[in-house]
Amino acid sequence: MEEILNDSVVNDELEKFEKKYNEELKNGAVSTNTQFEYAYCMVRSDFASDMKTGLVLLEDLFVKHPEGRRDYLYYMAIGHTRLKEYSEALKHAQAFLEIEPNNQQVIALEELIKKRMDIEGLKGVAKATGAALVVGGILGLGLALLKK
């Protein structure tokens with residue numbers, strides 16, 4: 001599963017689908033397939049702004065084209081995971097599993113998301129504890145200086 005989350009789009013591939021998307025947009029109508037291909041590339045970009053654009057395109061497809069919801073949910077879960085938006089990623093993975101409950105790839109993704117949420121939660125606790133210790137140390141030092 002890690003390899004899917006670490007898979008980055010090749011710049012030439014992104015440019016190819018971006019050009020196709022923009023040409024169709026300029027001509028008045030972007031096909032579902034073109035929008036999906038471009039969104040898929042954007043979600044695999046190394047840049048957060050591209051990933052967010054890809055997610056917007058996937059969300060639009062999800063609303064307008066129910067026949068592809070399964071694929072859109074999967075890549076939205078991937079995109080949100082890559083952005084470390086684990087709550088959103090988990091919602092999309094779980095929605096996918098409502099459609100296809102035995103999909104082992106998405107079950108593995110769901111487990112990975114939960115694991116990362118736990119790790120990030122522990123990091124948050126560690127940061128809060130560290131900050132409290134620093135503040136406590138400063139207050140203690142201030143009190144010690146006042147007593148002199």
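Note that the structure is predicted; figures quoted are calculated from it, not measured.

Conventions we followed
Residues numbered from 1 in each chain as written. Predicted model: local features only at pLDDT ≥ 70, side-chain atom pairs only at ≥ 80, totals over all residues. Heavy atoms only, no water. UniProt positions renumbered as here; feature names shortened; annotations may be inferred. Helix = DSSP H or I, 4+ residues; strand = E, 2+ residues; numbered from the N terminus. Contact = heavy atoms within 4.5 Å. pLDDT = per-residue confidence, 0-100. Axes fitted to C-alpha atoms, helices over the stretch in contact; angles between N-to-C directions. Parallel < 35°, antiparallel > 145°, perpendicular 65-115°, else oblique. Left-handed = near helix turned anticlockwise from the far one by under 90°. Nonpolar A, V, L, I, M, F, W, Y, C, P; charged D, E, K, R; others polar.

1. Description of the UniProt feature "repeat: TPR" (unreviewed entry) in the chain
Turning to step 1, where the next piece is worked out: The UniProt feature table records "repeat: TPR" (unreviewed entry) at residues 70–103.
Turning to step 2, where the next piece is worked out: As annotated, residues 70–103 comprises 79% helix and 0% strand, and the C-alpha atoms at either end are separated by 11 Å.

2. Section: the environment of Ile4
Turning to step 1, where the next piece is worked out: Mapped onto the elements, Ile4 comes out in helix H1 (residues 2–6).
Turning to step 2, where the next piece is worked out: Remark: the alpha-carbon pair of Ile4 and Leu109, spanning 105 residues in sequence, is separated by 9.6 Å.
Turning to step 3, where the next piece is worked out: Setting aside residues up to four positions removed in sequence, Ile4 forms contacts with Tyr74, Ile78 and Gln105.

3. Some words on the confidence of the model for the chain
Turning to step 1, where the next piece is worked out: Looking at the chain, the pLDDT average stands at 84 and 80% of residues meet or exceed 70.
Turning to step 2, where the next piece is worked out: Segment residues 124–144 is flagged for pLDDT under 50; beyond a separation of four residues in sequence, or across chains, it makes 0 contacts in the model.

4. Examining the packing of helix H5 (residues 69–82) against helix H6 (residues 86–99)
Turning to step 1, where the next piece is worked out: Between H5 and H6, the shortest axis-to-axis distance is 8 Å and the interhelical angle comes to 155°. With respect to H6, the element H5 is oriented roughly antiparallel. Read as a crossing pair, H5 and H6 show a hand that is left-handed. Where H5 approaches H6, its residues Arg70, Leu73, Tyr74, Met76, Ala77, His80 and Thr81 are matched on the opposing element by Tyr86, Glu88, Ala89, His92, Ala93, Ala95, Phe96 and Ile99.
Turning to step 2, where the next piece is worked out: When its residues are assigned to classes, the contact of H5 with H6 shows 10 nonpolar, 3 polar and 2 charged.

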